[in-house]
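Chains, contacts and geometry: an overview
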Amino acid sequence: MFIVKLGGSVITDKSKKYFFKRQVMKRLSSELKKANKETLLVHGAGSFGHILAKEHMLNQGYKSNKQLQGFSLTHAMVQKLNSLVLESLHDRGIAAVSIPPHAILKLDDHKPVKMDYNIFREYLDRGFTPLTFGDVVLDGKLGFSICSGDLLLQMLAEHFKPEKVIFVIDEDGLYTSNPKMDKNAKFIEKSTVSELEALTTSSNAYDDVTKGMEGKIETIKHIVSLEIDTIMLNGNIDNRLYDTLIGKESKHTLIYGGKK
Ligand code: IP8
């Protein structure tokens, strides 16, 4: 089984509120369909979630009743993005079923304390493709907070031990520094967890309440420590996802599962 996260910066334009990249999603849906692998899908919130979540300071937890409207609006917008993703998958003939995190998961000070993994297993066993997404959720200590798609990926990888975890991002993979800011950044084809420690990353230009690339590297370190190979690939380039899913050589970064 594969666990694939479709990054918010690939399926939305992060600089424009509520901008869905329909054509990119359509192609990714076709690649998933063509590869025909057992897959559990996660997607990020992009410009449907991060801008609102920042405006209402949702990741800091409950501060005042004024945030309640912001919480429900953010939920409604990530759910809307989820419907668009779902529709695209359905149009390509993938029997995807949406599993909203806020209904099956509880955090405590940003850390997961309760999660219904069974629902994913049952849908997979019946031949469906479960689809979940970065969402606003209840939080025991903070009242509420945000569960990023990366945290979901980490939890699902820990539970299901997939063959590979794939991050579909808007870069070819990992670089020695941020390629959007540093022209000397070098592409990393293969890496181990200890090599990851040496990387310098800087936050991206957009409002990202869940830490962007820096947070992603922490998530990857966790996943590879579970001995699961993790791949980062460019979702804007034709067939990178398809080729990787079918095991054909293609440009991406592979981080070997293991502690070293
Ligand atoms: O885009 C964030 O999920 P991510 C979810 O995977 C919200 O970090 C609601 C901003």
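One structure accompanies this document, and this report is about it. (Residues numbered from 1 in each chain as written. Predicted model: local features only at pLDDT ≥ 70, side-chain atom pairs only at ≥ 80, totals over all residues. Heavy atoms only, no water.)

**Thoughts on the overall build of the protein**
Per the secondary structure count, the protein includes nine helices and 14 strands. What you see for the protein is a C-alpha radius of gyration of 17 Å, in line with the 18 Å of a compact globule of 260 residues. The principal-axis extents of the C-alpha atoms in the protein amount to approximately 50 × 45 × 35 Å. Classification of the 260 residues of the protein by burial places 54% in the buried group. Sequence separation of at least 24 residues holds for 75% of the intrachain contacts in the protein that already meet a minimum separation of 6. When the accessible surface of the protein is summed, it comes to about 12000 Å², and 49% of that surface belongs to carbon and sulfur atoms. (Helix = DSSP H or I, 4+ residues; strand = E, 2+ residues; numbered from the N terminus. Rg over C-alpha atoms; globule rule 2.2 N^0.38 Å. Buried < 20%, exposed > 50% of the residue type's maximum accessible area, 1.4 Å probe, protein only. Contact = heavy atoms within 4.5 Å. Areas by Shrake-Rupley, 256 points an atom, 1.4 Å probe, with all protein chains shown as cover.)

**What about the pairing of strand 5 (residues 111-115)?**
The sheet contact formed by strand 4 (residues 105-108) and strand 5 spans four bridges and is antiparallel. Residue pairing in the sheet places Asp108 in a bridge with Lys111 of strand 5. Where strand 4 folds back on strand 5, the antiparallel hairpin that results is connected by two residues, among which Asp109 adopts a positive phi of roughly 50 degrees. (Pairing = 2+ DSSP bridges.)

**Here's the deal with the environment of Leu84**
Inspection of the secondary structure assignment puts Leu84 in helix 4 (residues 66-91). Leu84 sits 73 residues away from Ile11 along the chain, and the two C-alpha atoms are 10.0 Å apart. With near-sequence residues (within four places) excluded, Leu84 lies in contact with Phe20, Arg22 and Phe48.

**Regarding the packing of aromatic side chains**
On inspection of all chains with the given rule, the structure shows six aromatic pairs. Aromatic side chains Tyr62 and Phe144 sit 6.2 Å apart centroid to centroid with 90 degrees between the ring planes, which places their arrangement in the edge-to-face category. With Tyr62 in the loop between helix 3 (46-55) and helix 4 and Phe144 in strand 8 (residues 143-147), this pair connects stretches of sequence that are 82 residues apart. Taking relative accessible area as the criterion, Phe144 reaches 6% and is therefore assigned buried. Within the aromatic cluster, the residues linked to one another by ring pairs are Tyr62, Phe71 and Phe144. Across the ring face of Tyr242, the terminal group of Lys34 is positioned such that the distance to the ring centre comes to 4.2 Å. If you follow Lys251 out to its NZ or CZ, it ends over the ring of Phe187, 4.6 Å from the centre. (Phe/Tyr/Trp six-rings, centres within 6.5 Å; stacked < 30°, edge-to-face > 60°. Lys NZ or Arg CZ within 6 Å of the ring centre and 35° of its normal.)

**Observations concerning the pattern of salt bridges**
Tallying each qualifying case throughout the model produces 13 salt bridges. We note a salt bridge from Lys221 to Glu218, for which the minimum N-O separation is 3.2 Å. Taken as a pair, Lys221 and Glu218 lie in helix 8 (residues 212-224) at a separation of three residues, close to a single helical turn. For Lys221, a relative accessible area of 17% translates into the label buried. Residues participating in the shared-partner salt-bridge network are Lys5, Asp150 and Lys216. (Salt bridge = Lys/Arg side-chain N within 4 Å of Asp/Glu carboxyl O.)

**Quick word on the side chain of Thr244**
For Thr244, the location among the structural elements is in helix 9 (residues 240-245). What Thr244 contacts, discounting residues up to four positions off in sequence, is Ile166, Ile231, Leu233, Ser250 and His252.

**Describing the nonpolar core**
Membership of the largest hydrophobic core comes to 37 residues, with the highest contact counts inside it found for Ile3, Leu105, Met115 and Leu156. Breaking this core down by element, the ones donating at least two residues are strand 2 (39-43), strand 4, helix 5 (118-125), helix 6 (149-160), strand 9 (164-169), helix 7 (193-197) and helix 8. Here the element with the most residues in this core is helix 6; it accounts for seven residues. Other than its neighbours up to four places away in sequence, Ile3 contacts Leu40, Val42, Leu153, Leu156, Ala157, Pro162, Lys164, Val165 and Ile166. Counting 31 residues, the second-largest nonpolar core is a separate cluster that includes Val4, Phe48, Leu86 and Leu241. (Core = buried A, V, L, I, M, F, W, Y, C linked by side-chain atoms within 4.5 Å.)

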